[in-house]
Each structure stands twice: as C-alpha cells, then as structure tokens.
Amino acid sequence: MFEKILIANRGEIALRVLRACKDLGIPTVAVHSTADADAMHVRLADESVCIGPPPARNSYLNIPALITACEITGADAVHPGYGFLSENARFAEILIEHGVQFIGPKPEHIRLMGDKIEAKRTAQRLGIPVVPGSQGGIASDAEALSVAREIGFPVLVKAAAGGGGRGMKVARSEGDLAVALATARAEAKAAFGDDAVYLEKYLETPRHIEIQVLGDGRGAAIHLGERDCSLQRRHQKVLEESPSPALNADERDAIGEIVAKAMQKLAYLGVGTVEFLYEDGRFYFIEMNTRIQVEHPVTEMITDIDLVLEQIRIASGDRLAIAQGDVKFHGHAIECRINAENPVSFRPSPGKIVHYHPPGGMGVRIDSAAYQGYAIPPHYDSLLGKLIVHGKTRAECLMRLRRSIDEFVVDGVETTLPLFSALVRDSDFVDGNYHIHWLERFLAKGAVGI
Ligand code: ADP
C-alpha cells in the first residue's frame, strides 16, 4: 500500500479522497493555490503545499509544481480527483517517470477514451452498442452531408476532444448542416485546440444512463449498476439517481454485463464510467470517463462499496476483491449538486458563507468542503456541495430529500437549493418521468422561484 498520497485537487472531491485515505490509514498531502489557503482539505490533511497563484493553469494544472510537491513531501502516489489533470494521460506518464503512482487507469486507456472518435470505435469493437453516426472523423462538408442523409436528420456534430458539452451542435435539416459544422469546429478549436468533429444521430428525448465499472488492470472487471443523469442544464448534470426509474432488473443486468465484459477485454484498471443515451429500450454509447465522477456517491449508497477506497487499493496493485455476485443493490439514492449560483440566472455567487447548517438524519450524506465563515473563491467551479440521500425505496428517498433540502441553511451566497426544492415537488420528477431536455423545459416555465 502507498506510504503517502498527494491529492491533486480541491473542494469537495479533495475532502472525499482525504476521507478514503484516512479510512485506509494513509497520510495525505493537500496542495492548494494561494486562493485556497483556508480550504477545508488543507486544514484536514497531514501536510500541505502551496503550488501557485489562483488561476488553475498556474496551480492545480501546474505539473512541475505538483511533481515538486511530491518530491518534497515524499508522496508515492497522486489522486487526481475529477476535472483538472484527472484525464491527462501525459500527467500520469510524467508521474510514473518520477516513480510516483497515478491513482487512475493506464495512461493508454486515458488517451484512448479522451479521443471520443477512438473511444466510440473501441466501444464498438468491444461489443458495446453505439449511437449511429460517422465512422470516425468528418473530413469535409460533403462527407458530413452524405453521412447525415444516411442516418437521417436531426444530426449532432460533436467534437472529438469534447467535454463539458462544448463543441456540440444540432443540425435539424440539410440547410443547417454547414453552420453546425462550422460552429462546432470553431468552438472545439477554441476550447480544446483541436477542431476534429464527428457526426451522430441526434436522439430527441433520450435519458442519460451511465454504468459504473471497476477493474483491476489484469482482466477482472465488474459493474456497479447504473446512474440516471438525465437532469441536465446545458449538457451539465444537475441531479443524479440510482437505480434509474426507467430500467428494469433485466435491462440493468444485460447492459451491465456487456460493459463489464468489455472492461475485462480491455484489462481496464480502476474506476470508470461508460455513458449511454437510452431511448425506447435501447442503449447507445456516447463516451467513457476514466476517473471518479462527481456523482459516484449514489452508487456507493446503494452498493455499500467505497469507490475511492477501491480505486486506491487497485492502484497500489491489489486484485479486485469484489466479485460480480457480491454486488448487491439496495434501496434508492439521489444526489443534488448544490452550486453557489443564482437559482434562476445561474450566475456564480462567490463570497463568504455567513451561516451554514447542513441537514442530517437517517440516510443523509453531505459531501462538501464548505463551512461557516468560508469564503468561496471566484476562480473555480461553483459546486458548493453534494446532498446525497438514501432510502429503502424511491418514495422514501424523496421524502428524506425534501426534508433535507428544507433543513439546509446556506446564507451569504446564493445557492441552487430553491431549484431542488421546486424539483422534488414536481409530479413528473416524482414519477421519474423525465429525459435529458426535461429540466431545461422545467426551468423555462419559470418553475423555480427565489
Ligand atoms: P461531453 O463530453 O461534452 O460531456 P457527451 O458525449 O458526454 O459530451 O454528451 C453530453 C450530453 O449531451 C449527453 O448527456 C446528452 O445530454 C447530450 N448528447 C450527447 N450526444 C447526444 C446525441 N447523439 N443525441 C442527443 N443528445 C446527445
């Protein structure tokens, strides 16, 4: 096992990783920018190192500073969390070259899945169903047109290097296609420095359902069921739940088995998520994330498996200790991503938290680095914390979620709590009757009041 783990992240995920390290008895090193000197992960870690000024490119993305921090503290492993350098294959390689273990997949798998065209090709080769679309990248407008005619409009132009919903444009008819291609290319070039795009059939009202996997890099791999992440705003997840209200046990087992088999063939190492769109009883692969995800706690709550702890164990060379037959799903879990944002305009609301009182009681978990008196810096994403609730049934989970939202006090900054308060009382949501565009329509109706 590792001697000391450096956590190359901030906020709630740094704290989440730190907790797993403590449960394993492993000393931790926090790194932080000057803006995060008072952050909770810095306070709770055994050691901390300041790695640069507030902009992430000079601190949390600063590879030389992170390597130096490993060297001066003697950390022999790095947990990258999510975002920042978590899907940077080069970072993983540099760490390995310096004799430091990267707590994540093999660099070649990060690279493979980071290119969405390659990822889709690989998925297909491994027997995973994919969204109909171009075989690889689109070289010209003429090629795009012929592919679009073949799969039928509407089509979606997507960036090969995509992430965070950027570089994605819908073309509803032939007349729209040239503009969609040009804007997707320009957006992709600006966001990722790579203008490669591909084409996919645009599904009108699918759900986003993803499968959590765990592999030991030697051919053993299991799935831990699904998460339904259909509630999105601008392609960003807002609330996630497991199990999905849309799936039955047979569908879950069937897709889980396909994904687990694929990961066994790939000899995938660590945690990963295979993302699908689901429509009319069929699954269509869209991408794979080769890291721990924001929404991982809903899976932990219904499986009783600590994903970060397993991730650390496997990275240290342990074999997978859990067989597929050992995985039992019990009850229902929902996660709300509470952001420090105006709940109507979604404008970020950094600043000092004057009062903070998180909810508690049976089945309630808070993953947050917030505390009373903490000043949320303006430099990073606005995730204030995650409220995760578990119940024996979805109905019980919803009752607990309602009381938790009502109990939650955050004063001094605006938060998206009013959005969740409206959501958990909406009859469509309560019935589990939603798809990936549902939340934007709900917001457009003015359903959230302040
Ligand atoms: P990113 O890497 O930018 O997050 P994804 O491929 O994961 O992009 O897609 C993000 C979201 O965009 C999905 O959850 C879904 O809401 C929407 N989306 C992606 N592909 C399609 C598609 N073919 N048809 C309809 N919506 C899609």
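Criteria and cut-off values
Residues numbered from 1 in each chain as written. Predicted model: local features only at pLDDT ≥ 70, side-chain atom pairs only at ≥ 80, totals over all residues. Heavy atoms only, no water. Buried < 20%, exposed > 50% of the residue type's maximum accessible area, 1.4 Å probe, protein only. Helix = DSSP H or I, 4+ residues; strand = E, 2+ residues; numbered from the N terminus. Contact = heavy atoms within 4.5 Å. Polar contact = N/O pair within 3.5 Å; in protein donor to acceptor, adjacent residues only side chain to side chain. Near = heavy atom within 4 Å. Phe/Tyr/Trp six-rings, centres within 6.5 Å; stacked < 30°, edge-to-face > 60°. Lys NZ or Arg CZ within 6 Å of the ring centre and 35° of its normal. Domains from an automatic or database assignment. Buried area = accessible area lost by both parts, 1.4 Å probe. Salt bridge = Lys/Arg side-chain N within 4 Å of Asp/Glu carboxyl O. Pairing = 2+ DSSP bridges. Axes fitted to C-alpha atoms, helices over the stretch in contact; angles between N-to-C directions.

Here we come to helix α3 (residues 63–73). Buried residues of α3: Ile63, Ala65, Leu66, Ile67, Ala69, Cys70 and Thr73, and no others. Packing partners of the buried residues in α3 comprise β1 (5–7), β2 (28–33), β3 (47–52), β4 (77–79) and α4 (89–97). Looking at where α3 begins, the residue whose side-chain oxygen comes 3.2 Å from the main-chain nitrogen of alanine 65 is asparagine 62. Looking one or two residues beyond α3, the residue adopting positive phi is glycine 74, at roughly 75°.

This part covers the site of the ligand. Surveying the vicinity of the ligand reveals 21 residues, the closest of which are Lys116, Gly165, His208, Gln232 and Glu287. Interatomic distance of 2.8 Å between a side-chain N/O atom of glutamine 232 and an oxygen atom of the ligand. One of the side-chain nitrogen or oxygen atoms of glutamate 275 is found 3.2 Å away from an oxygen atom of the ligand. At the level of secondary structure, the elements contributing two or more residues to the shell around the ligand comprise β6 (155–159), β8 (197–201), β12 (269–279) and β13 (282–289).

With that settled, consider the packing of aromatic side chains. For the structure shown, the criterion picks out 11 aromatic pairs. Ring centres of tyrosine 356 and phenylalanine 408 lie 6.0 Å apart, and the angle between their planes is 65°; on these two criteria the pair is classed as edge-to-face. With tyrosine 356 in strand β16 (residues 355–357) and phenylalanine 408 in the loop between α12 (394–407) and β20 (409–411), this residue pair connects regions lying 52 residues apart in the sequence. No difference in accessibility class separates tyrosine 356 from phenylalanine 408, as the two residues are buried. Residues tryptophan 438 and phenylalanine 442 carry aromatic rings whose centres are separated by 5.0 Å and whose planes lie at 15° to one another, so their mutual orientation is stacked. Of this pair, tryptophan 438 and phenylalanine 442 both sit in helix α15 (residues 438–444), 4 residues apart, roughly one helical turn. Ring pairing ties together the aromatic residues Phe276, Tyr278, Phe283 and Phe285, which thus form one cluster. Positioned above the aromatic ring of tyrosine 434 is the side chain of arginine 207, whose terminal nitrogen or guanidinium carbon lies 4.4 Å from the ring centre.

This part takes up the environment of glycine 432. Turning to its location among the elements, glycine 432 is positioned in the loop between α14 (427–430) and α15. Classification of glycine 432 by relative accessible area gives buried; the value is 6%. For the pair glycine 432 and threonine 299, spaced 133 residues apart in sequence, the C-alpha separation works out to 18 Å. Once residues lying within four places of it in the same chain are set aside, the contact partners of glycine 432 are Arg207, Pro245 and Arg394.

Along its sequence, the protein chain is carved into domain 1 (5–103), domain 2 (132–201) and domain 3 (207–444). On a C-alpha basis, the centroid separation for the pair domain 1 and domain 3 is 23 Å. At the interface, 35 residues of domain 1 touch 28 residues of domain 3. For the pair domain 1 and domain 3, the summed buried area comes to about 2300 Å², and 61% of that belongs to carbon and sulfur atoms. By the criterion of area lost to domain 3, the three top residues of domain 1 are Glu12, Arg16 and Tyr82, representing 27% of everything that side buries. The tally of links from domain 1 across to domain 3 stands at 4 salt bridges.

Attention now goes to the sheet that holds strand β7 (residues 168–171). The strand order across the open sheet formed by 3 strands is β7-β6-β8, and the pairing between neighbours is antiparallel. If you trace the sheet from one side to the other, it starts and ends with β7 and β8, each paired once. Sheet twist, expressed as the average angle between the axes of neighbouring strands with direction ignored, equals 25°. As defined by bridge partners, β6 adjoins β7 across 4 bridges and the pair is classed as antiparallel. Along β7, the bridge assignment pairs lysine 158 with methionine 168.

What follows is about α4. Of all the positions in α4, only Ala89, Phe91, Ala92, Ile94 and Leu95 are classed as buried. Residues of α4 that are buried sit in contact with α3, β4, β5 (101–102) and α5 (107–114). Capping the start of α4, asparagine 88 holds a side-chain oxygen 3.1 Å from the backbone nitrogen of arginine 90, two or three residues further along. Of the residues one or two after α4, glycine 99 is the one with positive phi, at around 75°.

As for its position among the elements, valine 197 is in strand β8. In sequence terms valine 197 and glycine 137 are 60 residues apart; their C-alpha atoms lie 5.7 Å from each other. Beyond its immediate stretch of four places on either side in the chain, valine 197 contacts Ile117, Gly137, Ile138, Val157, Lys158, Ala159, Ala160, Leu181, Ala184 and Arg185.

The subject of this paragraph is the side chain of serine 59. In this structure, serine 59 sits in the loop between β3 and α3. The residues touching serine 59, leaving out its near neighbours within four places in the chain, are Ser33, Ile51, Gly52, Pro53, Pro54 and Tyr380.

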